[in-house]
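Take a look at the letters that make up each chain.
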Amino acid sequence: MMSVIINDPIRQPMQSLDIAKGVFAGAGIIVSSKNIGQLQYMFLDEKARQQMDQEQQVYRVQANLPVDEGTAGGLFMGTTWIKAGAVGNEFFMTQGHFHQLASRGEYYWGLEGNGVLLLMDEDRNTRAEYVYPGSLHYIPAYTAHRVANIGNTELSFGACWPSDAGHNYDEIKERGFSKRLINHNGIPTLINA
Ligand code: PA5
Ligand code: MN
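Residues numbered from 1 in each chain as written. Chains lettered and ligands numbered in written order. Predicted model: local features only at pLDDT ≥ 70, side-chain atom pairs only at ≥ 80, totals over all residues. Heavy atoms only, no water.

Draft legend 1. Broad picture of the layout of surface pockets. Looking at the largest pocket, its volume works out to about 470 Å³. Of all the elements in the fold, those that place two or more residues in the lining of the largest pocket are strand E3 (29–35), strand E4 (57–64), strand E5 (75–82), strand E8 (106–112) and strand E13 (155–162). No other element matches E3, which puts 4 residues into the lining of the largest pocket. In terms of residue class, the lining of the largest pocket is made up of 10 nonpolar, 10 polar and 3 charged. Roughly 240 Å³ of internal volume is contained in the second largest pocket. Residue lining of the second largest pocket: 17 residues in total, with Gln40, Tyr41, Met42, Ile172 and Lys173 positioned closest to the centre. Those elements that place two or more of their residues in the lining of the second largest pocket are helix H2 (170–175) and strand E14 (179–184). The biggest single contributor to the lining of the second largest pocket is H2, with 4 residues. Tallied by class, the residues present in the lining of the second largest pocket amount to 6 nonpolar, 5 polar and 6 charged. (1 Å grid on protein atoms, 1.4 Å probe; cavity = no way out; pocket = protein on both sides within 12 Å on 5 of 7 lines; lining within 4 Å. Points joined across faces, edges and corners; volume = space filled by probe spheres on them. Helix = DSSP H or I, 4+ residues; strand = E, 2+ residues; numbered from the N terminus. Nonpolar A, V, L, I, M, F, W, Y, C, P; charged D, E, K, R; others polar.)

Spelled out as structure tokens, the structure:
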């Protein structure tokens, strides 16, 4: 009979993921959030934003960053939860960004709720895709991305991106996307910004 030599132990992973809800647990998971007060001039109706509760959360992110930001060849993974709500008639949404290393792409996938992903290329052409449980979105290189919650319940989506991608918010902060997503008589509608 062959003898078995017990060598290295088989270990438990350091982290876990609730794949339906996108909730990470374990070592090194980071969280961040954005409230109304932190999103100056992002929405068309800035006056309406100023009149809202500045502490009201718009979205939060949980991310698993196993290597340092900027490391070539690694991968990051996260989940974003966007509350249901609007500023004026514009749906709650993420800030949106190009990647610092603009040649890097990303995957997003819908978990719960209903949303719209805005994708804008470097010539500022914007297109949009519905986000829903099970929807999968390939975000190409050189493409800014933002998600809006168009439903009455929280929207959540997963993301996976290269660890050297980084986030570049400059152009979006200065000029926004070329299209905005508004609630027009109850219908999510893309309008030119
Ligand atoms: O890396 C991503 O693209 C996401 O994890 C986003 O950072 C997240 O959805 C929050 O959006 P933003 O970074 O545009 O505020
Ligand atoms: Mn990104």
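Draft legend 2. Up close: the site of ligand 1. Taken together, 14 residues lie around ligand 1, and Tyr59, Thr80, Gly96, Tyr108 and Tyr169 are the ones closest in. The separation between an oxygen atom of ligand 1 and a polar side-chain atom of tyrosine 108 is 2.6 Å. At 2.5 Å from an oxygen atom of ligand 1 is found a side-chain nitrogen or oxygen belonging to tyrosine 169. Relative to its free-state accessible area of 370 Å², ligand 1 is covered by the protein chains to the extent of 96%. Counting atoms within 2 Å of the grid points, the majority share of ligand 1 lands in the largest pocket. A class-by-class count of the residues in the shell around ligand 1 yields 6 nonpolar, 7 polar and 1 charged. (Near = heavy atom within 4 Å. Polar contact = N/O pair within 3.5 Å; in protein donor to acceptor, adjacent residues only side chain to side chain. Areas by Shrake-Rupley, 256 points an atom, 1.4 Å probe, with all protein chains shown as cover. Sits in = over half its atoms within 2 Å of the grid points.)

Draft legend 3. Main features of the sheet that holds strand E12 (residues 143–149). The 3 strands are arranged E10-E9-E12 in an open sheet whose pairing can be described as antiparallel. The two strands at the open ends of the sheet, each matched to only one other strand, are strand E10 (126–131) and E12. Ignoring strand direction, the axes of neighbouring strands in this sheet form an average angle of 20 degrees. Note: strand E9 (residues 115–121) against E10, 6 bridges, orientation antiparallel. In the strand pairing of E10, leucine 119 is matched with arginine 127. (Pairing = 2+ DSSP bridges. Axes fitted to C-alpha atoms, helices over the stretch in contact; angles between N-to-C directions.)

No statement about biological role is implied by the geometric values presented.
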